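What follows is each chain in one-letter form.
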Amino acid sequence: MRAYKPKDDVQAKAYYTDRYYVAPQVPKSDVSEDAVFAADLEAIQAKFEVKEAYIQVEQMVVYINAHDIYGVLKFMRDELSYTQLSEMSAIDWLAKDDTFEIFYQMLSMTKRKRIRIKYFINNGEAVDSVEKLFRCADWSEREMFDMFGIQANNHPFMKRILMPYDWQGNPLLKTYPLEGDEFAAWYEVDKIYGKEARDVIGPEIRDTARVDRYDSERFARLGHEVPKGTEITGDEPANPQEYQEEGGVFLIKKYTKESSKIIDDPQR
Amino acid sequence: MAQIKNRLTPFFENISFDREDNELILNFGPQHPSAHGQLRLMLHLQQEMITKAHPDIGYLHRGMEKMAENMIYNEFMPTTDRMDYIASSSNNYGFALAVEKLIGLEVPRRAKVIRMMLLEINRLMSHLFWLATTALDIGAMTVFLFAFREREYLMDILEGYCGARLTHAAIRIGGVPLDIQDDFIVQLRNFLDKLPQNIKDYEDLLDTNRIWLMRMEEVGVIPTDMALSWGCTGPMLRASGVAWDIRKEEPYELYDEVEFNVPFSDKGDNFARYRIYMEEMRESAKILYQTIEMYEKCVINNETELMAHAPKYISAPKLDIMTQNYSLMQHFVLVTQGMRPPVGEVYVATESPKGELGFYINSQGGPYPYRLKLRAPSFWHTGILTDLLPGHYIPDVVAIIGTTNIVFGEVDR
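Numbers given to residues run from 1 along each chain, matching the order in which its sequence is written. Written order determines the labels here, with chains lettered from A and ligands numbered from 1. Reporting in this predicted model follows two pLDDT cut-offs: at least 70 for local features of residues, and 80 or more for side-chain atom pairs to be given and counted; totals over whole chains, interfaces and linings ignore these cut-offs and use all residues. Side-chain measures here rest on the full set of heavy atoms in the structure, leaving out hydrogens and waters.

Visitor: Quick question: what am I supposed to make of the domain arrangement of chain A here?
Guide: A common way to state how big an interface is: give the accessible area lost once the parts meet. Annotation comment: domain bounds sourced from an automatic or database domain assignment. One can read the domain layout of chain A as domain 1 (28-125) and domain 2 (182-221). Look at where the C-alpha atoms of domain 1 of chain A and domain 2 of chain A centre, and you get two points 46 Å apart.

Shown next, in the form of structure tokens:
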């Protein structure tokens, strides 16, 4: 029987893991260990509900409620001098519990501190756009929409940014295969030649390491080429390539393997 | 099979039409020599003035974040080269540092010095390339030839080190693979000794050049709040009045041991950015002189380690692998299965020549990252064109794109 492969996460998996392997954790420390972070967290906690907060690799991570995000970022920007949104995106946890985790990486240049604000949303829910606070969220949220299909409310231009506008599927979802899906395989064929050419051209092969031994037109059969359309049986006669005219050309002798001398004395 | 030309239903392909309100829509790119890559701009024009700009990206999208999720950590290293391919070691470094922070590795001192040398050489290469192409876009052919000559010299040094000119893959997680070659320091010194004169040559050609000044001064002014709001970093932010350099503020490697200045300006225009690139080249040269001294001290102190010692994550030195059975076994497992960093997440920002290059890695304890987000500075430096271009004229577009120093390997990833 074929081994069962889960469909909700088709990304590469470790082919072998020791059954007693327990992954170590990146150490987390308490927020009270850093005075600046502790003060910031206290200020945020006074106004908003904080679910969890800790320090990991010199940065504070704060979990909040999804509906508070606009307020929290506005408060952080105006009151706590976190003036830059470095990065924001999502993490796909659909296979685990049908949620997305959204993170916002904030930077304060006066305090030299970085805070990561995070929250969870359920599959199909939208996030609140923070584009009014940080203009860079305009493109980040579009990228998140493009890659995960997460909509942002109140966004001025919720369109795909990296993929074509008429693309189907969200490439960074764990359910999306690395080589692309059915739609991706036919996208360019349909677009350039039309659907009726599908039989002639075939789907686009995005696996660059693929070697097709029945391919009569590519390098795979170098030296054993056959006319196009010939049925491949596997015992085609060798058809060595000759790159020189018989008898050689002016000043250049014809090279033959038999007349060449192999020097096997390493000292010569 | 013949290609049916009109089968390609255009979104906006090559449309430029007059409208009732006398507005012209101009399609700039994606194949435009001065767009520095596959940038497409939809420009709404009133006469020659831009009223609305809509940058369209994605023509070089290769899905690197997706690839990262399907590659072991060391496998992804050469892919990072293809982000900012003008200064690829800085991408290697950003990724290596992020994984090292995740694992909690300490890199040997000699490797740190070599890394700093590579990073600053890359910064010089990137800035020289920026100067050359921007000057060429604006019409200064001589500067282009001069700057490429110097960049070629640096590329030769790096070719001697890692064998590649553009895609170096010269940094490994845990250190560097090789010591620098014998004539590296001699060649670097030769180059650095000539550099001040070279920079002066460029400045003599440009600083008082009327055409250059007209295209640069008071053009493309980015106010401080706009730069902050759009996530600008690096020279783009420093030209807008914020003296923020990650090398200085959150020092990594040995940047806290070297002396250098952070040039900044409060003008925010093209000319300010140009001046900052020139000054940064001088500062990089200063850092490189100091790293040469540090390297020579490492040699005297006999610090020969190049890779961190962490058998769980990093392969042993070649000699051990060839002579010790256990090292060979570990190397085999690390190559075939890959290292497994601890469960956790990390965001590490480094100062690449273009700005803040950040790597967010979420590890679930497997050999593949669960999520890897690349924070490329050029992405937002392209986005800012939406707000920056309106009010400018068509010729300014080329000058502004030039000084934003965007690289499309990094924008589209």
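Right, picking up where we left off after that structure.
Visitor: Is there a simple way to think about a nonpolar patch on the surface in this case?
Guide: The patches described consist of residues with a relative accessible area above 30% and no salt bridge, like charges being joined within 9 Å and nonpolar side chains (Val, Leu, Ile, Met, Phe, Trp, Tyr) within 5 Å. The Shrake-Rupley method, run with a 1.4 Å probe sphere, supplies the accessible areas, and residue values consider only the shown protein chains as cover. Salt bridges are defined as contacts in which a side-chain nitrogen from Lys or Arg sits within 4 Å of a carboxyl oxygen from Asp or Glu. Residues V249, F250, L251 and I252 of chain A make up a contiguous nonpolar surface patch of roughly 500 Å² in combined accessible area. Between buried and exposed lies partly exposed: a residue is buried under 20% and exposed over 50% of the maximum accessible area for its type, with that area taken using a 1.4 Å probe on protein chains only. You can call V249 of chain A partly exposed: its relative accessible area is 43%.

Visitor: How should the nonpolar core be read in this particular structure?
Guide: A general tendency of soluble globular proteins is for nonpolar side chains to be buried together. We define the nonpolar core as a collection of buried residues of types Ala, Val, Leu, Ile, Met, Phe, Trp, Tyr and Cys that are connected through side-chain atoms lying within 4.5 Å of one another. Ranked by internal contacts, the top residues of the largest apolar core, which has 187 residues, are L73, M76, I102, Y104 and I117 of chain A together with F95 and L131 of chain B. Take this core: its biggest share by element is 16 residues, from helix α4 (residues 109-138) of chain B. Here, residues are in contact when the closest pair of their heavy atoms is within 4.5 Å. The residues contacting M76 of chain A, other than those within four sequence positions of it, are I44, S81, Y82, M106, I115 and I117 of chain A. Put simply, DSSP H or I for four residues or longer makes a helix, DSSP E for two residues or longer makes a strand, and each gets a number counted from the N terminus.

Visitor: Help me understand the layout of surface pockets in this model?
Guide: Empty space left among the atoms is revealed by rolling a probe the size of a water molecule over them. All names here are of chain B. Here a cavity denotes grid points, spaced 1 Å and computed from the protein atoms alone, that fit a 1.4 Å probe unable to get out, and a pocket denotes an open set having protein on both sides within 12 Å along at least 5 of 7 lines; residues with an atom within 4 Å of a point are the lining. Grid points are joined across faces, edges and corners, and a volume is the space filled by probe spheres set on the points. Empty space within the second largest pocket amounts to approximately 760 Å³. Considering the residues around the second largest pocket, the lining is formed by 27 residues, among which M307, I314, S315, A316 and I321 are closest to the centre. Of all the elements in the fold, those that place two or more residues in the lining of the second largest pocket are α12 (318-323) and α13 (325-336). The element contributing the most residues to the lining of the second largest pocket is α13, with five residues. Looking at side-chain class alone, the lining of the second largest pocket contains 17 nonpolar, six polar and four charged residues. We call Asp, Glu, Lys and Arg charged. Ala, Val, Leu, Ile, Met, Phe, Trp, Tyr, Cys and Pro are nonpolar, and the rest, Gly among them, are polar.

Visitor: Explain the packing of aromatic side chains here, please?
Guide: When we look at a pair of aromatic rings, we describe it by the centre distance and by the angle of the planes. All names here are of chain B. Between the rings of Phe, Tyr and Trp (Trp by its six-membered ring), a pair exists once the centres lie within 6.5 Å; its type follows the angle of the planes, with under 30 degrees stacked, over 60 edge-to-face, and the other angles tilted. Summed over all chains, the structure comprises 23 aromatic pairs over all chains. Where F95 meets F359, the ring centres are 5.7 Å apart and the plane angle is 55 degrees; that geometry is what we call tilted. Of this pair, F95 sits in helix α3 (residues 88-103) while F359 is found in strand β5 (residues 355-363), placing the two residues 264 residues apart along the sequence. Note on F95: relative accessible area 0%, which makes it buried. Both rings, one in Y161 and one in F184, keep their centres 6.4 Å apart while their planes meet at 70 degrees; by these two values the pair is edge-to-face. Here Y161 is found in helix α5 (residues 141-162), whereas its partner F184 is found in helix α6 (residues 184-206), with 23 residues between them in sequence. Grouping residues by exposure puts Y161 and F184 together as buried. Among the aromatic residues, those joined into a ring-pair cluster are Y93, Y252, Y255 and F260.

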